[in-house]
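Commentary on secondary and tertiary structure
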Amino acid sequence: MKESKINNLINNSFLLLLLLISVSKSFGQPTIPSTPTPTNGATAISVNPTLSWESPVSSGYDLYISTSSDFSTKTLYSGVGTSQSLSNLTSNTTYYWKV
């Protein structure tokens, strides 16, 4: 009887290990967005721009917008896809953004 319980425990532990390995492989490492538009240093941008980027995985994102290069104050936009439309930005102001 004890041997049966031990075998069940070993089998269940093995299945849990396989499940954890499977889950970690399916999530993988986060991807790094590329090809941002507008590009770094762009000027004469509309006060109602659409920010876009490329990503090998089309999934959810967190987009941060700031007038401070250290992002000490920022606005967060979250969504799905590879773009975000903004409106009513202040003209003649430098904005920083990151995904």
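Residues numbered from 1 in each chain as written. Predicted model: local features only at pLDDT ≥ 70, side-chain atom pairs only at ≥ 80, totals over all residues. Heavy atoms only, no water.

This brings us to the packing of aromatic side chains. As enumerated under the stated definition, the model contains two aromatic pairs in all. On the numbers, 5.0 Å between centres and 80° between planes, the contact of Trp-53 with Tyr-61 is edge-to-face. Here Trp-53 matches Tyr-61 in class, with each residue buried. Between Trp-53 and Trp-97, the aromatic rings sit 6.2 Å apart at their centres with planes inclined by 50°, giving tilted as the arrangement. With Trp-53 in strand E2 (residues 50-54) and Trp-97 in strand E6 (residues 96-98), this pair connects stretches of sequence that are 44 residues apart. Residue classification places Trp-53 among the buried positions, given a relative accessible area of 6%. For Trp-97, a relative accessible area of 23% gives the class partly exposed. Put simply, the rings of Trp-53, Tyr-61 and Trp-97 pair up and form one aromatic cluster. A cation over a ring is seen here: Lys-98 above Tyr-64, with NZ or CZ 5.9 Å from the ring centre. The cationic tip of Lys-98 hangs over the ring face of Phe-71; the distance from NZ or CZ to the ring centre is 4.4 Å. (Phe/Tyr/Trp six-rings, centres within 6.5 Å; stacked < 30°, edge-to-face > 60°. Buried < 20%, exposed > 50% of the residue type's maximum accessible area, 1.4 Å probe, protein only. Helix = DSSP H or I, 4+ residues; strand = E, 2+ residues; numbered from the N terminus. Lys NZ or Arg CZ within 6 Å of the ring centre and 35° of its normal.)

The share of residues in the protein with pLDDT of 70 or more is 68%, and the mean pLDDT across the chain is 75. In this model, residues 4-26 is a region of pLDDT below 50 whose contacts with residues beyond four sequence positions or in other chains number zero contacts. (pLDDT = per-residue confidence, 0-100. Contact = heavy atoms within 4.5 Å.)

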